[in-house]
Amino acid sequence: MGVTGEIASMIMPGRHIQTSISWLRVVVRMTAVRSYTNILSALLRLIRYCYIVIGGPGKERACQDRGLALSSQANESDKLTNSVTLAVPILQAPLDSEGSQLEMDVHPPTLALHQGSHAVAFNNQAPQNSYSPSIPISSSGSKHSIYTTPPQYPVPGQSLDISLMPITPRQIGRYDRDVKIRNEYLIFEIEKGPFDCSEDLASVAGWEPLMHPDGALFFYHPYKRVFTDANVRDPAIATRMGKAAEKAYEEAHNADIVLCPSVELALEFMDEDNKCIGYYFVDHDRRVIFWFEAHESHYVIFGVRGVERKSHVRYALESQYWKFVEQYPNKRFLPKDVVVRLKEVIMHAHAEYITDEKSVSPFASDETSSILNLMDLLMSSIDKEHEHSIRIIARCMKRITRAKFRNFSGQPIARLDAEQSLYGDSNTYSRTIFFRVMDLIMFGSPDAHSKALRMIRDDSSIIQMRRYRNFIESLNGEWNGYTIFSTVMLAVDISFLGAPILQTQTFATLVSYLSILCALGSLVVTLGFTRQVYDSQRYPYRRLASFMFRTTRSTDRLALMLSLPFAFLIWGAIFFAAALSIVIFRTSDTLTFLITCPIWAIIVILAMWPALASHISTLKSWMKGCILRLRLYLNFGLSGTTAGSHV
């Protein structure tokens, strides 16, 4: 030990000899109880301390503070690493020279929250020359730890040629890429020996290839904690994405945004030339996305009007967060609280459907039953790296948080039932004269369809998929019936035209032709509607919603269209009845006419009664209004005329 002390005195100033000897005593004591890697780590700390001391007396206090930080690093690291989030586990570097250097460079996170307006996580006291989120080193017994290599921290100003723009997970065009495979049939030669495809699955320039449950390929950089769908196997793309990640972290640092270790970054090319790169950060502690700049996006607001509070926008950002998890579910562990939360929401929604028909749940009744059947299976995936289960949870939570945002949940005025309008009663408005006339001609069918459409619509969006699906199912049932009735009507009309008695009844023949045309029109329109409903690409519910709710009048136009099969069929029956009446009244004797005429009149009245029942009250109101206006005219008009004559 004396020789070692002399060596230390030759290297360092005399006043630090005692401190150095104490360090060496710690090293000797560790040799009896610790492994070689820990000894190497301690020696590296000693060397670093020596460099600090040689740098000047003023460095002594910094070294002491640094030692205190390192002593508390394990506890804080364990606290963050073991937090229950969906973040990809923070990587644990091997305790070699590089790993020890990483441990020395990383500042431990503190529990004090950043007070700036852009604070998003714990204050990590990141060094000025590092713009990546600081990565604490977990203990050797840490759960879900993965080994990696140290990051290459960017240099300020290194990636200024990259153009970044804020985006949302909805703007990731994974399912819209027009990429084609070479249309050439080649027989792939399989090499001899055990099959090995590790080269295709190996990391490329630090990017790890992962496969989405749907089969999509994406990449994850474990050091920079970046996800992207770009093909980083291309060296140019990999370099560009790496610089984009560095610039994103640099801009976040310049904006005084403190990034906690679990923050992740997503990147996406936004143009064909790969010049503009979209980005967004993901905060797993708060389950939201954010940017290093202020951002306005209709992809976040979903077209919802009247958004004014941060507590309201939070649900929109959380919905985007779950969209991100849905897109990148790999390498994550499923927290128990998320599964329990989803189970409680689905159970409540299922109970509401049993007791209340006005539930604002985003799931239909059959969907809640199916999801409840999956909950026991999902519970078995808790704390496990099951990307399929995580994607299922993320898709459900995305719909739940989006519904909370649209329904203004937690706000002073919230939508509590599916028929409630937050912007006023959308079902009461003055109908046009054209719609009223067509409603009479079509025997009240447009008004009925218009009311049904507004039952599934609320504040310019479909919020009740259950009602929408029930509406479509009822339409399909009606159209199937109209198809049968139209076919029967065509057969009856054609058979009626073949009767010899019509050879001399020109007018009856003409009316029969009109009946055939109406029946044929009903059949054609019904078949067209049926085709559009069953063709998901031509008639998806989102396209129906955009057409229905573009304006108030568009709903009336859609109601008129949906009423065409019924109206054509009814008018076909009326024309057939008229043709039959002409034949009966023109070819019958007096006694037959006297007996048939009153019975025919009663049948017509009773047949028209259901169709005009909804208009009886309207007709009464209209007549009362006409009588009132007539009285006012007679009273004031006559009095004015009399006064003028006296003058």
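A look at the overall build of the protein chain
Alright, step 1. Along the backbone of the protein chain there are 20 helices and 7 strands.
Alright, step 2. By residue count, 42% of the 647 residues in the protein chain fall in the buried class.
Alright, step 3. Pairs at least 24 residues apart make up 72% of the contacts formed inside the protein chain by residues separated by at least 6 positions.

Section: the confidence of the model for the protein chain
Alright, step 1. Per-residue confidence for the protein chain gives a mean pLDDT of 75, with 68% of residues at or over 70.
Alright, step 2. When the criterion is pLDDT under 50, residues 134–160 qualifies, and its contacts beyond four places in sequence or with other chains add up to 72 contacts.

Considerations on helix H9 (residues 310–327)
Alright, step 1. Its 18 residues place the ends of H9 25 Å apart at the C-alpha level, agreeing with the 26 Å of an ideal helix rising 1.5 Å per residue.
Alright, step 2. Buried residues of H9: His-312, Ala-316, Leu-317, Glu-318, Ser-319, Gln-320, Tyr-321, Trp-322, Phe-324, Val-325, Glu-326 and Gln-327, and no others.

A closer look at unusual backbone geometry
Alright, step 1. Backbone geometry at Ala-205 places phi at a positive 55°, although glycine is not the residue there.
Alright, step 2. Along the polypeptide, Ala-205 turns up in the loop between helix H6 (198–201) and strand S2 (208–211).

Structural notes on helix H19 (residues 564–587)
Alright, step 1. The end-to-end C-alpha separation of H19 is 34 Å, in line with the 34 Å expected for 24 residues at 1.5 Å each.
Alright, step 2. Regarding H19, the residues found buried are Pro-565, Ala-567, Leu-569, Gly-572, Phe-576, Ala-579, Ser-581, Ile-582 and Val-583.

Re the pairing of strand S5 (residues 264–269)
Alright, step 1. In terms of residue burial, S5 counts as a mostly covered element, since 6 of its 6 residues are buried.
Alright, step 2. Alignment of strand S4 (residues 226–228) against S5, held across 3 bridges, turns out to be parallel. Residue pairing in the sheet places Val-226 in a bridge with Leu-265 of S5.
Alright, step 3. Each parallel crossover has a hand, and the one from S4 via helix H7 (residues 235–254) to S5 is left-handed.
Alright, step 4. Linking S5 back to strand S6 (residues 276–283) in an antiparallel pair, the connection comprises 6 residues, with Asn-274 at a positive phi of about 60°.

Notes on the nonpolar core
Alright, step 1. In terms of nonpolar packing, the biggest core is built from 70 residues, with Met-241, Leu-265, Leu-267, Tyr-280 and Phe-281 touching the most fellow members.
Alright, step 2. Per-element accounting of this core gives the leading share, 8 residues, to H7.
Alright, step 3. In this structure Leu-267 touches Val-226, Phe-227, Thr-228, Asp-229, Met-241, Ala-244, Ala-245, Ile-277, Gly-278 and Tyr-279, once residues within four positions along its chain are discounted.
Alright, step 4. Residues Leu-453, Ile-472, Val-533 and Leu-558 belong to the second largest nonpolar core, which totals 14 residues.

What about the packing of aromatic side chains?
Alright, step 1. Evaluated as defined, the whole model comprises 19 aromatic pairs.
Alright, step 2. Plain terms: the ring middles of Phe-281 and Phe-290 are 5.3 Å apart, the flat faces sit at 15° to each other, and that makes the pair stacked. Of the two residues examined, Phe-281 and Phe-290, each falls in the buried class.
Alright, step 3. Geometrically, the ring pair formed by Phe-585 and Phe-593 is edge-to-face, given 5.3 Å between the ring centres and 75° between the ring planes.
Alright, step 4. Against the face of Tyr-328 rests Arg-174, its NZ or CZ located 5.0 Å from the ring centre.
Alright, step 5. Here the basic side chain of Arg-305 rests over the ring of Tyr-423, its NZ or CZ set 4.1 Å away from the ring centre.

Considering a nonpolar patch on the surface
Alright, step 1. On the surface, Leu-591, Phe-593, Leu-594, Ile-595, Ile-599 and Ile-603 cluster together into a nonpolar patch covering about 580 Å² of accessible area.
Alright, step 2. Position of Ile-595 among the secondary structure elements: in helix H20 (residues 590–646).

Side note on a negative patch on the surface
Alright, step 1. Among the surface-exposed residues, Glu-189, Glu-191, Asp-196, Glu-199 and Asp-200 lie close enough to one another that they form a single negatively charged patch.
Alright, step 2. The residue Glu-199 is located in helix H6 in this model.

Let's talk about the side chain of Ser-409
Alright, step 1. The topology assignment puts Ser-409 in the loop between helix H12 (387–406) and helix H13 (433–441).
Alright, step 2. Among all residues touching Ser-409, those that are not within four sequence positions of it are Tyr-315, Lys-404 and Ala-414.

Thoughts on the pattern of salt bridges
Alright, step 1. Tallying each qualifying case throughout the model produces 18 salt bridges.
Alright, step 2. The partner of Arg-332 in a salt bridge is Glu-264, with the nearest N and O atoms 3.0 Å apart. Placement of the pair is Arg-332 in the loop between H9 and helix H10 (336–355) and Glu-264 in strand S5, with a sequence separation of 68 residues.
Alright, step 3. By relative accessible area, Arg-332 is classed as buried at 0%.
Alright, step 4. For the salt bridge of Glu-367 with Arg-399, the shortest nitrogen-to-oxygen distance reads 3.3 Å.

Looking at the pairing of strand S3 (residues 217–221)
Consecutive side chains along a regular strand alternate between the two faces of the sheet.
Alright, step 1. Within S3, 4 of the 5 residues are buried, which leaves it mostly tucked inside the rest of the structure.
Alright, step 2. Looking at chain direction, S2 and S3 are connected through 4 bridges and run antiparallel. Bridge pairing links Pro-209 to Phe-219 in S3.
Alright, step 3. Summarising the sheet, S3 and S4 pair through 3 bridges and their orientation is antiparallel. Bridge pairing in S4 links Phe-219 to Thr-228.

Thresholds applied
Residues numbered from 1 in each chain as written. Predicted model: local features only at pLDDT ≥ 70, side-chain atom pairs only at ≥ 80, totals over all residues. Heavy atoms only, no water. Helix = DSSP H or I, 4+ residues; strand = E, 2+ residues; numbered from the N terminus. Buried < 20%, exposed > 50% of the residue type's maximum accessible area, 1.4 Å probe, protein only. Contact = heavy atoms within 4.5 Å. pLDDT = per-residue confidence, 0-100. Expected span 1.5 Å × (residues − 1). Pairing = 2+ DSSP bridges. Right-handed = clockwise from strand over helix to strand, strands pointing away. Core = buried A, V, L, I, M, F, W, Y, C linked by side-chain atoms within 4.5 Å. Phe/Tyr/Trp six-rings, centres within 6.5 Å; stacked < 30°, edge-to-face > 60°. Lys NZ or Arg CZ within 6 Å of the ring centre and 35° of its normal. Patch = residues over 30% accessible without salt bridge, like charges linked within 9 Å, V, L, I, M, F, W, Y side chains within 5 Å. Areas by Shrake-Rupley, 256 points an atom, 1.4 Å probe, with all protein chains shown as cover. Salt bridge = Lys/Arg side-chain N within 4 Å of Asp/Glu carboxyl O. Lys, Arg positive; Asp, Glu negative; His and termini not counted. Charge placed at Lys NZ, Arg CZ, Asp CG, Glu CD.

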